[in-house]
Amino acid sequence: MRVYLIGVLVILILGGCAMTQTIVEVPANVNLPKKALFLSQSGTESNLLQTLIDLENNEMVVLTYNNAYIINVTRTGIFLNPEDYKQFKVIGTDAPFKRDVEEEENLESSEE
C-alpha cells in the first residue's frame, strides 16, 4: 500500500511538471536574439517581461510574453558590456496586482 501511495505521488508530481512546460513559438518576422545573457524577469497581471543582453551586438532587449506567445520584442538602443553582468545578480519586484493596490488604498483610507 505504501509503495502504491509513493508511486501515485511521483506520477502526480511528474505529471504536473509536464503540464507546465510550454514551447514558445517565434514568428519569422521577429528579430529575436540568437545568443543572449539573461538579466531579469518580472511580470504584470497579464504579461511576463524578460530583460536580456543580445550577445551579437551587446544591446539590451526586453521580451514581452502573453500566455505562451511573444507579443513584443523591444530593442532599447542601450548597449552594455556583457562581462559586467556575467556574475551579476539582479533583484527586482513584480508590478502589484490590481487587488493588492485596492487593498492598500483601503487600508490607507481607513487609517485616516
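To be clear, the structure that these remarks concern was listed above.
(A) A look at unusual backbone geometry. In this structure, Asn 58 takes a positive phi of about 60° despite not being glycine. Tracing the sequence through the fold places Asn 58 in the loop between strand 2 (48-54) and strand 3 (59-66).

(B) Expanded view of a nonpolar patch on the surface. On the surface, Met 1, Tyr 4, Val 8 and Leu 12 cluster together into a nonpolar patch covering about 520 Å² of accessible area. Residue position: Val 8 is located in helix 1 (residues 2-20).

(C) Region of interest: the environment of Phe 38. Tracing the backbone through its elements, the reader meets Phe 38 in strand 1 (residues 36-43). Judged by relative accessible area, which is 45%, Phe 38 ranks as partly exposed. C-alpha of Phe 38 to C-alpha of Lys 86: the two residues are 48 residues apart in sequence and 9.2 Å apart in space. In contact with Phe 38, other than residues within four places in its own chain, are Gln 50, Thr 51 and Leu 52.

(D) The sheet that holds strand 2, seen in detail. Strand order in the open sheet formed by 4 strands is 1-2-3-4, with antiparallel pairing between adjacent strands. Each end of this open sheet is capped by a strand with a single partner; those strands are strand 1 and strand 4 (69-79). Each neighbouring strand pair of the sheet contributes to a mean axis angle of 20°, computed without reference to strand direction. Bridging between strand 1 and strand 2 involves 7 bridges; their strand directions are antiparallel. Of the residues in strand 2, the one forming a bridge with Gln 41 is Gln 50.

(E) Local environment of the pattern of salt bridges. This structure, assessed with the given rule, holds 3 salt bridges. Where Arg 75 meets Asp 54, a salt bridge forms, and the shortest distance between an N and an O atom there is 3.1 Å. Of this pair, Arg 75 sits in strand 4 while Asp 54 sits in strand 2, and the two are 21 residues apart along the sequence. Owing to a relative accessible area of 3%, Asp 54 belongs among the buried residues under this scheme. A salt bridge links Arg 75 to Glu 59, with the shortest nitrogen-to-oxygen separation between them at 3.4 Å. On the criterion of sequence distance, the pair formed by Arg 75 in strand 4 and Glu 59 in strand 3 is long-range, its members being 16 residues apart. A relative accessible area of 26% means that Arg 75 is categorised as partly exposed. Look at Glu 59 and you get buried, because its relative accessible area is 8%. One connected set of salt bridges, linked through shared partners, spans Asp 54, Glu 59 and Arg 75.

(F) Just the side chain of Glu 59, in detail. One polar contact links Glu 59 to Arg 75, side chain to side chain, over a distance of 3.4 Å. If we ignore the near neighbours within four places in the chain, the residues touching Glu 59 are Leu 52, Ile 53, Asp 54, Arg 75, Thr 76, Gly 77, Ile 78 and Phe 79.

Cut-offs used in this document
- Residue positions are given per chain, counting from 1 as you read along its sequence in written order.
- Local features in this predicted model are restricted to residues whose pLDDT is 70 or higher, and side-chain atom pairs enter the listing and the counts only when it is 80 or higher, whereas totals over whole chains, interfaces and linings include all residues.
- Side-chain numbers here rest on the full set of heavy atoms in the structure, without hydrogens or water.
- Strands here are runs of E lasting at least two residues and helices are runs of H or I lasting at least four, both read from the DSSP assignment and numbered beginning at the N terminus.
- Two joining distances apply to patches: 9 Å for like charges and 5 Å for nonpolar side chains (Val, Leu, Ile, Met, Phe, Trp, Tyr), and every residue must have over 30% relative accessible area and no salt bridge.
- All accessible areas in this document rest on Shrake-Rupley with a 1.4 Å probe, and a residue is counted as covered only by the protein chains that are shown.
- Just to be clear on terms, a salt bridge is a Lys or Arg side-chain nitrogen sitting within 4 Å of an Asp or Glu carboxyl oxygen.
- Only protein chains enter the accessibility calculation, which uses a 1.4 Å probe; a residue is then buried when its area is under 20% of its type maximum, exposed when over 50%, and partly exposed in between.
- Residue contacts are counted whenever heavy atoms from the two residues lie within 4.5 Å of one another.
- In this scheme, strands are said to pair when DSSP sees at least two bridges between them.
- For helices, the fitted axis covers only the stretch in contact; all axes are lines through C-alpha atoms, and the angles between them, taken along N-to-C directions, range from 0 to 180 degrees.
- In protein, a polar contact means a hydrogen-donor-capable atom and an acceptor-capable atom, both N or O and within 3.5 Å, with residues adjacent in sequence counting only if both atoms are side-chain atoms; elsewhere, any N or O pair within 3.5 Å suffices.

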